[in-house]
Amino acid sequence: MHFRRSKPPASVVGLVLALICAVDAAKVNKHKPWIETTYHGIVTENDDKVLLDPPLIVLDKDAPLRYAESFEVTVTKEGEICGFRVHGQDVPFEVVLVNRSTGEGTIRAKEKLDCELQKEHTFTIQAYDCGEGPDGSNIKKSHKATVHIQVNDVNEYSPAFKEKSYKATVIEGKTYDNILKVEAVDADCSFQFSQICSYEIITPDVPFTIDKDGYIKNTEKLNYSKEQAYKLMVTAYDCGKSRASEDVLVKINIKPTCKPGWQGLSKRMEYEPGTGSLALFPSMHLEICEEPITSIQAKVELETNHIGKGCDRDTYSEKSLHRLCGAGPGTAELLPAPSSASHWTAGLPTDNGHDSDQVFEFNGTQAVKVPDGLVGPSQGQPFTISVWMRHGPGARDKETILCNSDKTEMNRHHYSLYVHNCRLVFLLRQEPAEPESYKPAEFHWKLDQVCDKEWHHYVLNVESPSATLYVDGVTYEPFLVTEDYPLHSAKIETQLTIGACWQGGSMRMSQFFHGSLAGLMIRSGKLENKKVIDCLYTCKEGLDVQLPEEVAASVKVQFSPNQSSMTLEGDDIESFDKVMQHISYLNSRQFPTPGIRNLRISTTVKCFNEEPCVTVPDAEGHVMVLQPDEPKISLSGIDHFARSAAEFEAPEGVGLFPELRIVSTITREVEPEAEGEDDPTVQESVVSEEIMHNLDTCEVAAVGQELDANHESLQLDLEQVQQRGLEMSSSNLGMIITGVNTMANYEQVLHLIHYRNWHTEALFDRKFRLVCSELNGRYISNNFKVEVNVIHTTNPMEHINNAMVQPQFINPVQHSSVDLSGHNLVNTHQASVVPSAATIVIVVCVSFLVFMIVLGVFRIRAAHQRSLRDQENGKESEMDWDDSALTITVNPMETYEDQHSSEEEEEEEEESEDGDEDDITSAESESSEDEEDVGPEEQQAASRQQQLEWDDSTLTY
């Protein structure tokens, strides 16, 4: 380096010259380079140049002094700086020497820096000079200086929300300072660029605002009826004004003002018969508005008081129900359905509309007398009275349910059951034959059930001197017992009445009953046990619950006796909800009563002070029991046949229903297949299928005249009937078989019914009608009519004598000759010819008729001989007959027109009786086909043959 010379003072010049001379003389590297001890630098992410404070400059005392410009000084090698060294592991910086002579240097990044990875870097540097001599030996190093470099951030990242979406629920009508908080973050490393400076709701026209910290609040009170939910889009900005890369969805649900109560209850639930149980509250839960509770109690009620006798029960006759429940013999039904055998209830009004539930209404003016001998507890023996009753409100006057009193002369009540001021009272007087002692005679029960206008079942077991009352299966003790002496001796017959008490002295009824009665029964000689009583009362429908194992111990469940209501108690609301969701409705009847069953849930919630703290309103809904598929009961078999008079007169008689079949079918609608739903030509079809169920009554009635006990009867083996659990009663009107049993058992019993007539001279035909029913007449079969004809036969000799002498129709022949002689005949010869001509005509007609009969019998015999021989081998010998001995007595003077007109009248009468029955037996269809191939004369003979009205297909030969 050269300096320009000037004119310095002589002393300075001398000093410099001396120094130069000394350096030149020595040429030795005596001093270390010198740098600052600490440096601070700043570098930007996207730049490699570091700004240092202070600047990096290295000093070395070995460097010559720089003095006046007039001198040119050459800096020796020993005073120059040759470079820097960086100490540290993986330091991303390097130190670059800018000027060797001045020792100026700079720091720059060797690679791209990332502030997000490392904001600061610290390392040490050391400077070294160029040494001495040409080979650079004796290099001197400076001390180590610490360098701190800060990496400045670049706003390269946008804000991002922590959640993909946000959701909150608010209650209507409230103003919130903080509904929810949204939060976004920025990946930049600097405070400026990593901080979120603001949030913004970009969805327009919403009643919400958001602050710089991300808190959302509503600007007005929200209304659930106006809007149930809001959806907001929110964005965020960092302090570098960079917007979020993706906006976030915020959903705010509006909840109605919290009102305690049951949520999720369906108002209507449909129950399809035969589908088992129906879950009533599958998604229901109790809302208590976050109140701290200690206990919950709920009562679920199924209201069925409008269905029959208080709920859906089997509507078989009461006598049949007693037998089904295991009650023994000796039970008399006092209020049976009106029929030919039970006529005394025919005048009573019924409720008419509860699916044949036989309910009788008493309005204070009706009463009936029970026929003598039907029932009457034996003197001193135990007996049971059972009845269904609906009564209320109470009255001051006595209201008699059942009364046994003097028939004439006096008004003494021997025993009676009556209602008085909501009390049930039973009177039992001692009969005169009993020892004269003071014994209980009147029992009083004060019961709410007597006057609540609901159906209740009462069973009174009487075993003198005590009486036990069961109401709906629960035992009640009398609160008052009055004692009395026996009645005075009097030989007066008694009268049993229902609905009032007979006053024999004044010959009138008194103490009339107001209410409804059903199923009034008396069983003599034995008391009903608790098992039978429970069976009679049990409903076929009710509530049920299958408790989950995890909540069975935490919730207590209790049912009412008829399962129409249940009570739940617990302290955990979640367990309580689970139990409620498992409550179901069940109806076990095959054909339940359709209609509405109302549901009600009443709830009490208590808090820590054991006082009701949350008022839960009653929840209501209903179960709609749909109409079941109704069965069609069909009776079929042979409905027209003939038998010989000898068979009718035989001890066993003639079987009326030998091939009877009882079939029950239901008709279901079948929906079209899926691919045909849009086709208007596709219609719904119906399909019938056979089902099995029980019958409870079959009645055989004589059509036309009643049975004359002097010469005819219907016969049935009583032992065979009883073996099948059935009962039989008969009268001059016919025969009735009762009892709940299968159709197969009824078939077998009906096959055993025989008709016997031991005076058949004047009998040519007899007609009977069979009807079967189920559920006390709810489902009734068709009227199956059977006509039997009597075949009268004589021996061949009698036939010849009759043909010759003609004792029966000799007079008609004489009338014919008289009529003929009344004409203008020419001579007596012609008159004498008339009788012989008539005889010829008679013989020809009879012969032709016999020929047609024999021909028809032969054809039928050939077609049916094999099958009927196997079917009636037992009767084959009885049914064998000689065709040659068949003699038909015919009045030859009876005109075809009279015969034809009488047949038409008879056919019209049969059609009016048969109604819509279109069943045609095989024998009838064969005879009609045969008639199409014959001429007029043959049709006339066949029409006369129809007077016999018999079924050839049933004959055996």
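These numbers were taken from a predicted model, which means no experiment stands behind them. (Residues numbered from 1 in each chain as written. Predicted model: local features only at pLDDT ≥ 70, side-chain atom pairs only at ≥ 80, totals over all residues. Heavy atoms only, no water.)

### Considering the overall build of the protein
Point 1. In terms of helices and strands, the protein carries 15 helices and 58 strands.
Point 2. Relative to its 957 residues, the protein shows a buried fraction of 41%.
Point 3. Long-range contacts, defined as pairs at least 24 residues apart, comprise 72% of the intrachain contacts of the protein with a sequence gap of at least 6.
Point 4. When the accessible surface of the protein is split by element, carbon and sulfur atoms take 49% of a total near 51,100 Å². (Helix = DSSP H or I, 4+ residues; strand = E, 2+ residues; numbered from the N terminus. Buried < 20%, exposed > 50% of the residue type's maximum accessible area, 1.4 Å probe, protein only. Contact = heavy atoms within 4.5 Å. Areas by Shrake-Rupley, 256 points an atom, 1.4 Å probe, with all protein chains shown as cover.)

### Here we look at the side chain of Gln-126
Point 1. Position of Gln-126 among the secondary structure elements: in strand β7 (residues 120-129).
Point 2. Taking relative accessible area as the criterion, Gln-126 reaches 12% and is therefore assigned buried.
Point 3. Within the local environment of Gln-126, its side chain forms a polar contact with the backbone oxygen of Ser-142, the two atoms lying 2.7 Å apart. (Polar contact = N/O pair within 3.5 Å; in protein donor to acceptor, adjacent residues only side chain to side chain.)

### Focus on the pattern of salt bridges
Point 1. Throughout the structure, instances matching the rule amount to 25 salt bridges.
Point 2. Between Glu-270 and Arg-268 there is a salt bridge, with its nearest N and O atoms 3.0 Å apart.
Point 3. The class of Arg-268 is partly exposed, set by a relative accessible area of 43%.
Point 4. Taking the shortest distance from any N to any O, the salt bridge between Arg-600 and Glu-303 comes out at 2.2 Å. Of this pair, Arg-600 sits in strand β43 (residues 595-606) while Glu-303 sits in strand β22 (residues 295-303), and the two are 297 residues apart along the sequence. (Salt bridge = Lys/Arg side-chain N within 4 Å of Asp/Glu carboxyl O.)

### Some details on the confidence of the model for the protein
Parts of the prediction with low pLDDT should not have their coordinates interpreted in detail.
Point 1. In this model, the protein carries a mean pLDDT of 78, and residues with pLDDT of at least 70 account for 76%.
Point 2. Mean pLDDT values over the elements of the protein span from 33, in helix α10 (residues 810-821), up to 95, in strand β14 (residues 208-210).
Point 3. The model gives residues 21-26 a pLDDT under 50, and that stretch makes 1 contact with residues more than four places away or in other chains. (pLDDT = per-residue confidence, 0-100.)

### Topic: the sheet that holds strand β11 (residues 180-181)
Point 1. Read from one edge to the other, the open sheet built from 3 strands follows the order β11-β15-β14, with strand pairing classed as antiparallel. In this open sheet, the two strands that pair with only one neighbour each are β11 and β14.
Point 2. Across 2 bridges, the pairing between β11 and strand β15 (residues 215-218) is antiparallel. Residue pairing for β15: Lys-181 is matched across the bridge by Tyr-215. (Pairing = 2+ DSSP bridges.)

### So, the pairing of strand β58 (residues 784-791)
Consecutive residues of a regular strand have side chains that alternate between opposite faces of the sheet.
Point 1. Among the 8 residues in β58, 8 count as buried, and that is most of the element.
Point 2. Side chains Phe-784, Val-786, Val-788 and Val-790 project from β58 onto one buried face, and the interleaved Lys-785, Glu-787, Asn-789 and Ile-791 project onto a second face that is buried too.
Point 3. Pairing between strand β47 (residues 640-644) and β58: 5 bridges, direction parallel. Along β58, the bridge assignment pairs Phe-641 with Val-788.

### Topic: the state of the cysteines
Point 1. Under the criterion given, the structure shown has 10 disulfides.
Point 2. Two residues, Cys-115 and Cys-189, share a disulfide whose sulfurs are 1.5 Å apart. Because the torsion about its S-S bond is 105°, the bridge between Cys-115 and Cys-189 counts as right-handed. Of the two residues, Cys-115 sits in the loop between β6 (104-109) and β7 while Cys-189 sits in the loop between β12 (184-185) and α2 (191-194), which places them 74 residues apart along the sequence.
Point 3. Of the residues examined, Cys-115 reaches a relative accessible area of 3% and is grouped as buried.
Point 4. A disulfide bridge connects Cys-403 with Cys-501, and the sulfur atoms are separated by 1.8 Å. (Disulfide = S-S within 2.5 Å.)

### Overview of the packing of aromatic side chains
Point 1. Tallied over the entire structure, the rule returns 14 aromatic pairs.
Point 2. For the ring pair Phe-208 and Tyr-230, a centre distance of 5.3 Å and an interplane angle of 75° mean the geometry is edge-to-face. With Phe-208 in strand β14 and Tyr-230 in strand β16 (residues 229-238), this pair connects stretches of sequence that are 22 residues apart. Here Phe-208 matches Tyr-230 in class, with each residue buried.
Point 3. Ring geometry for Phe-362 versus Phe-513: centroids 6.1 Å apart, planes at 75°, classification edge-to-face. Note that Phe-362 is positioned in strand β24 (residues 360-363) and Phe-513 in the loop between β37 (508-510) and β38 (514-524), a separation of 151 residues in sequence. Here Phe-362 matches Phe-513 in class, with each residue buried. (Phe/Tyr/Trp six-rings, centres within 6.5 Å; stacked < 30°, edge-to-face > 60°.)

### A word on the sheet that holds strand β1 (residues 38-44)
Point 1. Read from one edge to the other, the open sheet built from 5 strands follows the order β2-β1-β8-β7-β4, with strand pairing classed as mixed. Each edge of the open sheet carries a strand with a single partner, namely β2 (51-53) and β4 (81-87). Here the average twist between neighbouring strands, direction ignored, is 30°.
Point 2. For β1 and β2, the ladder comprises 3 bridges, and the chain directions are antiparallel. Paired with Ile-42 across the bridge in β2 is Leu-51. (Axes fitted to C-alpha atoms, helices over the stretch in contact; angles between N-to-C directions.)

### Comments concerning unusual backbone geometry
Point 1. Looking along the chain, the bond that leaves Asp-53 and enters Pro-54 is cis, with omega of 0°.
Point 2. Counting through the fold element by element, Pro-54 comes out in the loop between β2 and β3 (56-57).
Point 3. Phi is positive for Glu-409, close to 70°, though the residue is something other than glycine.
Point 4. One can find Glu-409 in the loop between β27 (399-406) and β28 (413-420).
Point 5. For Gln-511, which is not a glycine, the phi torsion comes out positive at approximately 55°.
Point 6. For Gln-511, the position within the fold is in the loop between β37 and β38.

### What about the pairing of β28?
Point 1. With 7 of its 8 residues buried, β28 lies for the most part within the structure.
Point 2. In this structure, β27 lies alongside β28, joined through 6 bridges in antiparallel fashion. Counterpart to Cys-403 in the pairing with β28 is Ser-416.
Point 3. Turn length for the β27-β28 hairpin, with the two strands adjacent in sequence and antiparallel, is 6 residues, and the turn residue Glu-409 shows positive phi of about 70°.

### Focus: the nonpolar core
Point 1. Counting residues in each nonpolar core, the largest one holds 48 residues, and the members touching the most others are Leu-750, Ile-753 and Leu-770.
Point 2. Ignoring anything within four residues of it in the chain, the contact list for Leu-750 reads Phe-657, Leu-660, Ile-662, Cys-698, Val-700, Ile-737, Leu-770 and Cys-772.
Point 3. The next biggest cluster of nonpolar side chains, apart from the first, holds 39 residues, and it includes Val-370, Trp-445, Cys-451 and Leu-469. (Core = buried A, V, L, I, M, F, W, Y, C linked by side-chain atoms within 4.5 Å.)

### A look at a nonpolar patch on the surface
Point 1. Side chains of Trp-34, Ile-57 and Leu-59 sit close together on the surface and give an oily, nonpolar patch of about 300 Å² of accessible area.
Point 2. Within the fold, Leu-59 resides in the loop between β3 and β4. (Patch = residues over 30% accessible without salt bridge, like charges linked within 9 Å, V, L, I, M, F, W, Y side chains within 5 Å.)

### Some thoughts on the side chain of Ser-664
Point 1. You can see Ser-664 is positioned in strand β49 (residues 661-670).
Point 2. A distance of 2.5 Å separates a polar atom in the side chain of Ser-664 from a polar atom in the side chain of His-693.
Point 3. Apart from residues lying up to four places away in sequence, Ser-664 is in contact with Pro-631, Lys-632, Ile-633, Glu-689, Glu-690, Ile-691, His-693 and Met-743.

### A look at the environment of Lys-251
Point 1. By the secondary structure assignment, Lys-251 is in strand β17 (residues 248-255).
Point 2. Once residues lying within four places of it in the same chain are set aside, the contact partners of Lys-251 are Tyr-166, Lys-167, Ala-168, Ala-229, Tyr-230 and Lys-231.

### Focus: the environment of Leu-718
Point 1. When you line up the elements, Leu-718 lands in helix α7 (residues 718-723).
Point 2. For the pair Leu-718 and Ser-729, spaced 11 residues apart in sequence, the C-alpha separation works out to 9.7 Å.

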